[in-house]
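Residue strings, one per chain:
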Amino acid sequence: DVKVTQSSRYLVKRTGEKVFLECVQDMDHENMFWYRQDPGLGLRLIYFSYDVKMKEKGDIPEGYSVSREKKERFSLILESASTNQTSMYLCASSYRTGRYEQYFGPGTRLTVT
Amino acid sequence: QQQVKQSPQSLIVQKGGISIINCAYENTAFDYFPWYQQFPGKGPALLIAIRPDVSEKKEGRFTISFNKSAKQFSLHIMDSQPGDSATYFCAAENAGKSTFGDGTTLTVKP
């Protein structure tokens, strides 16, 4: 059974804190993605990675960075959390060649106070 | 600039009715069009997908209709059931990267 796991389901952080969200997939997928989901705005791509140590900016990369040191693990970093980064964060993975579904994790609900 | 526009934002259908959700895209480079279903507290999961060389794809009660010239595609849920109540996202993919619509919250009333 394919699986994408995220390190936390719920997280509460203070403004200015450094936040790490981790994602692990067990499907040997090349591609991994970080999205944020806000009501009425759908899923917006923050960053994606198509290989170890490779990354590309998505549509809303400002205020975020990522790290991919191993194929199965993709981390999202908020260098200095702000209240407007309160959101649901979804990680996903897929095969590189495209035309394949993305498998999503359960999401991390981050609240920044 | 939104590349995939989805409508309606919310939809209420009686049990047994037909649910229809529409999407339109702009980028002709998109070459894969999946629909995802998301239940509360869960991540989205693939429901059905279509490639642009096909005009229709049916899987059980779910059908995608695709109009390449109009750059539009839609999801039809026949005989809608309360268990279909969820948020539905259309997406359009190019080079392994997907652009998602804003989502439609479907409520099927018993």
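Right, let's walk through the structure included here. (Residues numbered from 1 in each chain as written. Chains lettered and ligands numbered in written order. Predicted model: local features only at pLDDT ≥ 70, side-chain atom pairs only at ≥ 80, totals over all residues. Heavy atoms only, no water.)

1. Things to note about the overall build of chain A
Operational definition: Numbering of helices and strands runs from the N terminus; a helix is a DSSP stretch of H or I covering at least four residues, while a strand is a stretch of E covering at least two. Here the radius of gyration uses the C-alpha set of atoms, whereas the globule reference equals 2.2 Å times the residue count to the power 0.38.
Along chain A, the regular secondary structure elements total zero helices and 11 strands. Starting at the N terminus and walking to the C terminus, you meet the elements of chain A as β-β-β-β-β-β-β-β-β-β-β. Here chain A has a C-alpha radius of gyration of 13 Å; the compact-globule value for 113 residues is 13 Å, and the two agree. With respect to the three principal axes, the spread of C-alpha positions in chain A is 40 × 25 × 25 Å.

2. Observations concerning the overall build of chain B
Rules: With a 1.4 Å probe rolled over the protein chains alone, any residue whose accessible area is under 20% of its type maximum counts as buried; one over 50% counts as exposed, and the rest are partly exposed. It only takes one pair of heavy atoms within 4.5 Å for two residues to be counted as in contact. For the area figures, the Shrake-Rupley method with a 1.4 Å probe applies, and any residue is considered shielded solely by the protein chains shown.
Assigned secondary structure in chain B consists of zero helices and 11 strands. Starting at the N terminus and ending at the C terminus, chain B contains elements arranged as β-β-β-β-β-β-β-β-β-β-β. If one aligns the C-alpha atoms of chain B with their principal axes, the spans along those axes are about 40 × 30 × 20 Å. Residues classed as buried in chain B amount to 45% of the 110 residues present. Counted over contacts in chain B with a minimum sequence separation of 6, partners at least 24 positions apart contribute 52%. Only carbon and sulfur atoms are counted for the fraction: they give 48% of the accessible area of chain B, which is about 5,200 Å².

3. Examining the interface of chain B and chain A
Applied cut-off: Whenever a carboxyl oxygen of Asp or Glu lies within 4 Å of a side-chain nitrogen of Lys or Arg, that contact is scored as a salt bridge. Polar contacts, as counted here, are pairs of nitrogen or oxygen atoms within 3.5 Å of one another; within protein the pair requires one atom able to donate a hydrogen and one able to accept it, and residues that are adjacent in sequence qualify only if both atoms are side-chain atoms.
Taken together, the 20 residues of chain B in the interface contact 21 residues of chain A. Put simply, chain B and chain A have zero salt bridges between them. For the interface between chain B and chain A, the tally reads five residue pairs in polar contact (both at pLDDT 80 or more). Where the side of chain B that touches chain A is concerned, the elements lending two or more residues are strand E4 (33-38), strand E9 (86-94) and strand E10 (97-100) of chain B.

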